Amino acid sequence: MMYGIKHAAKTKLPVFGLLALLTVCIPIFGATGVTVNPEKQYQTLEGWGTSLCWWGNMVGGYADAARNAIIGYLFDADTGIGMNIVRYNIGGGDNPSHTHLQAGKGVPGFKPTESGGYDWTRDANQRRVLDAVKALVDPDEFIVEAFSNSPPYWMTISGCASGNSGGGNNLKTDYFDDFADYLTEVVKHFRDEWDITFRTLEPMNEPMIGWSVNGGQEGCHIDVSLQDDLIREVKVKLDAKNLDGTTISAPDETSIDQTLSSWMSYDAATKACVSQINTHVYSGSKRAELRAAADADGKRLWDSECDGSGAPAPFDQWTHNHNDVVPALDISYRITRDMRDMKADAWIFWQAVESEQTQTSLNKNWGLLHADFNGGQNYYLTKKYYGVEQYTKFIRPGFIMIDINNADAVAFMNTALERLVIVHRNSSDNNVDYTYDLSGFRTAGAAAEVYRTSGSENFARKTEIAISNKKFSAPANAKSITTYVIDGIGYGEVAARSIDAAPAPVVQALTVAMQRDAWSYQPEKTGMVQVRLLDLKGQVIRQLYHGFMNAGSTFHGSVSSGKLPGGIYFLAVESAGQRTLQRVVLH
């Protein structure tokens, strides 16, 4: 193959058509019962994604065929796993005389010297990947965040972008405003010149780590006592440059518990500058507590960085093997735990493409694809790739997580699509039989499509299973991840009797404003709010918002009319047991 590209064969989804095989639903005696309960609804998923550093810095320099193939595997919703979120790394840039940064980890900064101007030709490789991703992902689903690992070296105390001696603070105390200006100037240039609007800007990455001078990657310790200063400086610069399409995310700590601690240390003024709590999940256990804190302050919550090798601790070794199912089961466990316990609004992989040379030398299995970072252009799909595909392929942005009473499973539904997706992990050495109870749904479809990844299967489509009396039985094979896709599900009824052509709200106590395709809402009471777009029949077309809102705060959103035919719709807002409808005309 050209360019020396090597990869595992991508599983093709067979077209069964009229010859589709169907397993009759025969209850399995002694099967464990699993109940899916649509009455208990949780977060609305924003999607799945990956950071672009450092692989974008390497793969962006590949020949077109190899680069586009890798991007397609990750972001194409039809032929790949359909990621829709990217985290772009605004490089600080190290002292050009330093040679200690490892392959790919020296992301060029846009202002290489203090006295010189901006050089917008820099970081061409990562930008090339970002542009390709944007062109591939549905605009209605595409979300891009910018984040920083370190300020430019000339803003640091040590003069080194990898950290300070002893791991202490490394941003000069009188350069907080300069750093904020640098980050926001990059954000502004991307918006104005390159048509990329970062929805959020994260000014620090794992700031409580003791990043040290002459390390292998960029890093900057920013003590909790100083983080609020930086956040407020960034907010001032965003406002001054009219970057109203970009808000701040923080604090991106390496530990869930540290994220919670840092967040709780911020005062109200600092929290008000932040729209989204980011956390890495390499350690810590306070997922539910972090979710509660995010809800209490009305913030989105992202698992902004996750990976592991296959061992219980993410940094432990596990024999390097592209085809080992254990790393796939491990990442499945991490996804399931973060969705169920933390109720993450989005789940972001660290770097989806890892260095084959590094993973081989460390005897690890980080990454979904492994590629040459030493001058070649070979790449390899891993079993983890297919393990993640079990979730991302069918649990799409806008799906709502609902209750399923098994700790190894997640369930998501989309009422507009009338689709239910269940993903069930079995890491044991034995097959386990389950009977899934869907009686909480008004309708439950005729059959479940089945897809499985195991030691011998890569996202393989299996025989469909018939659904009878809103139940179906299926074996979860040993050491496997299985996805069930059920179409034709119905849940609840949207009362159409309240819908008429009047633009006034049905419930006067609730107020929702519309301007073109943008909506705003100010709740009178603190609590959970759902905002949905309905058609004239009262059917849900899109879930626009599902989350916590603080009383008195104003929330804004977009109907995002792309792919919708012009006409009359209704915006439905449900809060505190009340419901209002607002007439919407889309052109």
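Everything numeric in this text was worked out from a predicted model, so none of it was measured. (Residues numbered from 1 in each chain as written. Predicted model: local features only at pLDDT ≥ 70, side-chain atom pairs only at ≥ 80, totals over all residues. Heavy atoms only, no water.)

A. Examining the nonpolar core more closely. Counting residues in each nonpolar core, the largest one holds 99 residues, and the members touching the most others are Trp55, Leu74, Leu368, Leu369 and Ile395. Here this core gets eight residues from one element, more than from any other, and that element is helix α4 (residues 176-194). Leave out the neighbours within four places in its chain, and leucine 369 touches Ile70, Tyr73, Leu74, Ala352, Val353, Glu354, Tyr379, Tyr380, Leu381, Thr382 and Tyr385. Among the nonpolar cores identified, the runner-up in size contains 24 residues, and Ile402, Ala474, Ala476 and Tyr484 belong to it. (Core = buried A, V, L, I, M, F, W, Y, C linked by side-chain atoms within 4.5 Å. Buried < 20%, exposed > 50% of the residue type's maximum accessible area, 1.4 Å probe, protein only. Helix = DSSP H or I, 4+ residues; strand = E, 2+ residues; numbered from the N terminus. Contact = heavy atoms within 4.5 Å.)

B. Here's a closer look at the sheet that holds strand β6 (residues 200-202). Strand order in the closed barrel formed by eight strands is β3-β4-β5-β6-β7-β8-β9-β10, and the pairing between neighbours is parallel. For this sheet the average axis-to-axis angle between neighbouring strands, irrespective of direction, equals 25°. Examined bridge by bridge, strand β5 (residues 143-147) and β6 share three bridges and lie parallel to one another. For phenylalanine 147, the partnering residue across the bridge sits in β6 and is glutamate 202. Sitting on the sheet, helix α8 (residues 287-296) touches β8 (274-283) and β9 (300-306), and the angle it makes with β8 is about 175°. (Pairing = 2+ DSSP bridges. Axes fitted to C-alpha atoms, helices over the stretch in contact; angles between N-to-C directions.)

C. Region of the structure containing the sheet that holds strand β11 (residues 353-355). Across the sheet, which stays open at both edges, the three strands sit in the order β11-β12-β13 with mixed pairing between neighbours. With one partner strand each, in any of the chains shown, β11 and β13 (379-381) form the two edges of the open sheet. Taken over all neighbouring pairs, the strand axes of this sheet differ in orientation by 30° on average, direction set aside. Where β11 and strand β12 (residues 369-371) come together, three bridges link them in parallel fashion.

D. Just the pairing of strand β17 (residues 432-437), in detail. Here strand β2 (residues 32-44) pairs with β17 via four bridges, running parallel. Following the sheet pairing, threonine 32 is matched in β17 by tyrosine 434. Bridge count between β17 and strand β21 (residues 471-476): six bridges; the pairing is antiparallel. Looking at the pairing, tyrosine 436 lines up with phenylalanine 472 of β21.

E. Fine view of a negative patch on the surface. Taken together, the side chains of Glu114, Asp174, Asp177 and Asp178 define an acidic patch exposed on the protein surface. Owing to a relative accessible area of 33%, aspartate 177 belongs among the partly exposed residues under this scheme. (Patch = residues over 30% accessible without salt bridge, like charges linked within 9 Å, V, L, I, M, F, W, Y side chains within 5 Å. Areas by Shrake-Rupley, 256 points an atom, 1.4 Å probe, with all protein chains shown as cover. Salt bridge = Lys/Arg side-chain N within 4 Å of Asp/Glu carboxyl O. Lys, Arg positive; Asp, Glu negative; His and termini not counted. Charge placed at Lys NZ, Arg CZ, Asp CG, Glu CD.)

F. Seen up close, the pattern of salt bridges. Summed over all chains, the structure comprises 27 salt bridges. Its salt-bridge partner being arginine 232, residue aspartate 267 comes within 3.7 Å of it at the nearest N-O pair. Here the residue aspartate 267 occupies a position in the loop between α6 (256-265) and α7 (268-272), and arginine 232 occupies one in helix α5 (residues 224-240), the gap between them amounting to 35 residues. Here arginine 291 ties to aspartate 295 by a salt bridge, and the two come within 3.1 Å at their closest N and O atoms. Remark: aspartate 295 and arginine 291 occur in helix α8; sequence separation between them is four residues, near one turn of the helix. For arginine 291, a relative accessible area of 10% translates into the label buried.

G. How the structure looks around unusual backbone geometry. The residue after cysteine 53, namely tryptophan 54, is reached through a cis peptide bond having omega 10°. Checked against the element boundaries, tryptophan 54 lands in the loop between β3 (47-51) and α1 (55-59). In this chain, alanine 250 is followed by proline 251 through a cis amide linkage whose omega measures -5°. Residue position: proline 251 is located in strand β7 (residues 247-255). Unusually for a residue other than glycine, lysine 343 sits at a positive phi of about 50°. At phenylalanine 459, a position not held by glycine, the phi torsion is positive, near 45°. With respect to the helices and strands, phenylalanine 459 occurs in strand β20 (residues 457-466).

H. Spotlight on the environment of glycine 210. Among the secondary structure elements, glycine 210 is positioned in the loop between β6 and α5. A sequence separation of 45 residues divides glycine 210 from serine 165, and the C-alpha atoms of the two residues are 9.1 Å apart.

I. Inspection of the packing of aromatic side chains at higher detail. Scanning the model with the defined rule gives 28 aromatic pairs in all. Ring geometry for tyrosine 434 and tyrosine 436: centres 6.1 Å apart, planes at 45°, overall tilted. Take tyrosine 434: its relative accessible area is 9%, and that puts it in the buried class. Every member of this aromatic cluster is reached through a ring pair, and the members are Tyr88, Phe110, Tyr118, Trp120, Tyr182, Phe190, Trp194 and Phe198. In this structure, lysine 343 packs its charged tip against the face of tyrosine 42, placed 4.7 Å from the ring centre. (Phe/Tyr/Trp six-rings, centres within 6.5 Å; stacked < 30°, edge-to-face > 60°. Lys NZ or Arg CZ within 6 Å of the ring centre and 35° of its normal.)

J. Up close: helix α2 (residues 64-75). Between its first and last C-alpha, α2 extends 16 Å over 12 residues, near the 16 Å set by a 1.5 Å rise per residue. For α2, every residue scored as buried is listed here: Ala66, Arg67, Ile70, Ile71, Gly72, Tyr73, Leu74 and Phe75. (Expected span 1.5 Å × (residues − 1).)

K. Representation of helix α11 (residues 383-392). When you tally the buried positions in α11, you get 10 out of 10 residues, the bulk of the element. Along α11, the residues classified as buried are Lys383, Lys384, Tyr385, Tyr386, Gly387, Val388, Glu389, Gln390, Tyr391 and Thr392.

L. Local environment of the environment of tyrosine 282. Mapping tyrosine 282 onto the fold places it in strand β8. Here the alpha-carbon distance between tyrosine 282 and arginine 334, two residues 52 residues apart in the chain, equals 9.7 Å. Residue contacts for tyrosine 282: discarding those within four places in its chain leaves Glu206, Thr254, Glu305, Cys306, Asp307, Pro314, Phe315, Trp350 and Trp366.

Keep in mind that these numbers describe shape and distance, not what the molecule does.
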